[in-house]
Amino acid sequence: MPAKVPLQDVDAKYLKIISEFAIDMLSLSGVDEILWHLAQNVVSQLGFDDVVVYLLDPARGVLMQKASFGDKNPSGHEILAPIELKLGEGVVGTVAKTKQPLIVGDTRQFPNYIVDDAPRLSELAVPMLMEGELIGVIDTEHPKKNFYTSQHERILFALASIAALKIHRANNLVTLQQRVVDLEYASKIQDTLFAIAEIIFETDSIKAFYQRLHACIARLIKADNFYVALLSEDGHTLHFPYHVDQYDQLAEDTELPLLPSCLGITAYTLLKNKPLLVDEAQIKALVDQGEIVINGAMPKAWLGVPFGDEAFRGILVVQSYHGGYRYSEADQRLLVFCAKHIRNAISRMNVKANLTQMALYDGLTKLPNRMLFIDRLNQAIAKLNEAAENGVSPKGLGLVLLDIDHFKAVNDTYGHHLGDELLKVFAQRTEAAIASQDTICRLGGDQFGLLLMGIDSESECLARVEALREQMQAVLDLGGISIALSVSLGLVTCFSSGMRVSDLLRRGDQALLRAKLMGRQRLCVFSSGEQTELQETQICQEFQQAAAQDELYFSFQPQYRLKDGKLIGAEALLRWEHPRYGTISPRRLLAPLRRQGALQLVDAVVARLILAHLKRYHGAYPEDFRVSVNLASDGCALFDELEGMVAKGEGLANFLGLEIPEASIVAGFDKVRHCIARAKSLGVLVSLDDVGASHASFRYLQALRFDRLKIAQGLISPMEMAYDNQMILETIINLASSLNIDTLAQGIETREQYQTLQLLGCDYGQGEFMNPSVSEENLLLMLTQSPFFR
């Protein structure tokens, strides 16, 4: 509150002035408006010849002249030669320091008197106080000695108190308005940064990403002319993935050589690695100094902000060709602030593009993978259906499924590295031999798929396949090792509408199986009259018999905590030793079992085996140890058993983990969500398997409550983990960490991979480097004798 003013001795005419001033204050808002009204319209009524109002600048500790009346005010709101006073300096400074009014009857007797515009004999100064804090000082001088009275002091002090209250409120309002502006601005920045982060997930193409990024920048800064340039890894080229300019046009993804002898302003700023804010004159000065050359239209204003590090560097640029607009340092600070987030967005968008590449193409052979192959099959069948609907006689298609004969023997004899080389050479030879409209893909392992388009008859298709077969079957020289290559092929043709992809693949599988059973190195064509369906049924029946006769068992893949090498769990892998086909994993069985409607049988076997194992050995496991299993369907058999055991007080679920394949989410989201809910209610640890094999499941990570992400082996297994792979791994690990989800890398084969995953912050890992899969007896032995990987 303002200081109390004794007004009982003030004349009525002065009280009128005070009361009118108090009323006037209600309609005044700005501080300058208040001070000039006080000096010119109020104090002037008191009969004073000269008045100056000072305001305190707290930051600098000085009093500044802000309004006046008299000789220092020739006209309007003008002060002649305004001065500043320190606290304690002169009459005004003394009043400011003591916070007490002061009357000087004879300034000649006041040792600290300061002459402003002219010397005068009397001076009166009163402080403007608000709750004891100094706002300013009202000062008046008169040429007569002893002019000012105590009544003048009381009147002026009353006016000062009213003014101080109003100025305080006006300052608070200005501060509040500024805070509102700052909050709105901060909110705008935050919304923009969120928008930059969101466009990674909302756009499917790099072009759309940069268009959305441009729109985000335009929310904060004038960006009619905006472009992004990225430096190549060797530092010799500038790549322009996005460029919008009203005068200079660059084609999308233009690449320009970076020549040190004649640097453009973009390359100059990028290499200096410092933001550059310049106008036309400053640009011309750089040109005259030989620092840069101008390759296009001369901008009136230019702002460039480099971003990134040695591994990934680029620059954001905005420019204006209109003389009426200049970028400011505030714009530069803003773009610098956004640049880091934009760098991360660009980097992650590139990672997403790489993930898309990984989702659709095989990492080893660079051929289309199963997902892309099935998509192209769907497109081919859709064309057949469309032609039939339009009454047009369509061209047919041919599907060939093929395996490299005795490929496992190559791996066993010469090692996986040579096996990989064989796959790559085979892929290259086959891709080079097929027509441009055809597609060769790697379905997995040593199995490939071939889609032949524009087929007129089955005989024509056979002739084309036989010609390709001659190209495929040859003696290959792999690093001085000669390998005789042969393949088994299954062919199915389609010339009519109504066929489904699943039907084509099933028939191709049957034809390929017959080629293998007939001694391999041959081509078999699917015939609707053959009995291969019975063979599939027979395999399913044999699996049922094996389950009933306890011929199925688990092999356990140890899992370790990467930071200290502690054994923390194991993945239980179902195995079947077939009397004719050898060891068969469930992956080879899932397709025929699914077609025969027998997936529930696999889950029942898994549930029976894992619960029996836990009943026998859970007492030997540490409290945090988990044994994980994979489910083929909805897991009801396992959950029903567990719920019954929980009801009896048996806590085996706390030692159990459940791994859900990434593909299951897309196939049945609601089914997976229900499965996770049941698992969570029982205390079962839930992992999402094969993360990174595609990016389809990323959008579901917040909707589905996973405890752990199992990173796909395809991201780990390359002989050398390239920078791009590490970026993808880092993105997955950071994403999981932000969602409070653990990560486990599978397929660790080398110490380098192990150490890299440690550095990237991956929590757990499994693979041949630490330990191959072991029997349950050896798993228990490891817990007691070697619970740490060294």
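(A) The pairing of strand β7 (residues 225-231), seen in detail. Most of β7 is tucked away: 7 of the 7 residues are buried. Here β7 shows two buried faces, one formed by N225, Y227, A229 and L231 and the other by F226, V228 and L230. Taken together, the 6 bridges between β7 and strand β12 (residues 312-320) define a ladder with antiparallel strand orientation. Considered in β12, the bridge of Y227 is made with V317. Between β7 and strand β8 (residues 237-244), which pair antiparallel in sequence order, lie 5 residues; one of them, G235, sits at a positive phi of approximately 75°.

(B) Representation of the side chain of D139 in the model. In this fold, D139 is placed in strand β6 (residues 133-142). Buried charge without a salt bridge: D139, with R120 as the nearest opposite-charge side chain at an N-O distance of 7.6 Å. Aside from chain neighbours lying at most four places away, what touches D139 is D50, V51, V52, Y54, V92, E123, L124 and A125.

(C) Inspection of the pattern of salt bridges at higher detail. Counting across every chain of the model gives 26 salt bridges. In this structure, the salt-bridge partner of E280 is K284, at a minimum N-O distance of 3.4 Å. One end of the pair, E280, and the other, K284, are both in helix α7 (residues 280-288), 4 residues apart, so they sit about a helical turn from each other. For K284, a relative accessible area of 40% gives the class partly exposed.

(D) Region of interest: the packing of helix α10 (residues 407-414) against helix α11 (residues 416-433). Close contact between α10 and α11 brings their axes to 7 Å; oriented N to C, the two are set at 140°. Relative to α11, the element α10 is oriented oblique. Mapping the contact onto sequence places F407, V410, N411 and Y414 in α10 and H416, L418, G419, L422 and L423 in α11.

(E) Summary view of the pairing of strand β23 (residues 626-630). Taking burial as the measure, the 5 residues of β23 include 4 buried ones, the bulk of the element. Both strand β21 (residues 566-578) and β23 contribute to a ladder of 3 bridges, which runs parallel. Along β23, the bridge assignment pairs A570 with V627. Here β23 pairs with strand β24 (residues 656-661) via 4 bridges, running parallel. Paired with S628 across the strands is G657, a residue of β24. The parallel pair β23 and β24 is bridged by helix α17 (residues 636-647), and the resulting crossover is right-handed.

(F) Summary view of α17. The first and last C-alpha atoms of α17 sit 16 Å apart over 12 residues, in line with the 16 Å expected at 1.5 Å per residue. Among the residues of α17, L638, F639, L642 and M645 are the ones counted as buried. For α17, the angular spread of buried residues about the axis comes to 125°, placing them on one side. On its buried side, α17 packs onto α16 (599-617), β23, β24 and α19 (669-682). Positioned one or two residues after α17, G649 has a phi angle of 90°, which is positive.

(G) Broad picture of the nonpolar core. L552, F554, I610, Y621, L638 and F706 are the most contacted members of the largest nonpolar core, which has 78 residues in total. In terms of residues, this core owes the most to one element, α16, which gives 9 residues. Ignoring anything within four residues of it in the chain, the contact list for F706 reads I660, I665, I676, K680, V686, S687, L688, L701 and I741. The next biggest cluster of nonpolar side chains, apart from the first, holds 36 residues, and it includes I34, W36, V43 and I135.

So, how was this worked out
- Throughout this description, residue numbers start from 1 for each chain and increase along the sequence as written.
- Note on the predicted model: pLDDT of at least 70 is required for a residue's local features to be given, and 80 or more for side-chain atom pairs to be given and counted; whole-chain, interface and lining totals, by contrast, use all residues.
- Only heavy atoms go into the side-chain values, all of them from the structure, while hydrogens and water stay out.
- Only protein chains enter the area calculation, which uses a 1.4 Å probe; residues under 20% of their type maximum are buried, those over 50% are exposed, and those in between are partly exposed.
- In this text, helices come from DSSP runs of H or I with a minimum length of four residues, and strands from runs of E with a minimum of two, each type numbered from the N-terminal end.
- Whether two strands pair comes down to DSSP finding at least two bridges between them.
- By the counting rule applied here, Lys and Arg register as positive and Asp and Glu as negative, while His and the ends of each chain are not counted.
- Salt-bridge detection follows one rule: a side-chain nitrogen of Lys or Arg within 4 Å of a carboxyl oxygen of Asp or Glu.
- For this analysis, residues touch if any pair of their heavy atoms sits within 4.5 Å.
- The convention used is that axes are lines fitted to C-alpha atoms, helices contributing only their stretch in contact, and that angles between N-to-C directions extend from 0 to 180 degrees.
- The cut-offs work like this: below 35 degrees is roughly parallel, past 145 is roughly antiparallel, 65 to 115 is roughly perpendicular, and the gaps in between are oblique.
- Note on handedness: a crossover is taken as right-handed if, strands pointing away from the viewer, the path from the first strand over the helix to the second is clockwise.
- By this rule, a helix spans an expected 1.5 Å times one less than how many residues it contains.
- Note that the arc is computed from the directions linking the helix axis to the C-beta atoms.
- By nonpolar core is meant a set of buried Ala, Val, Leu, Ile, Met, Phe, Trp, Tyr and Cys residues that side-chain atoms within 4.5 Å join together.

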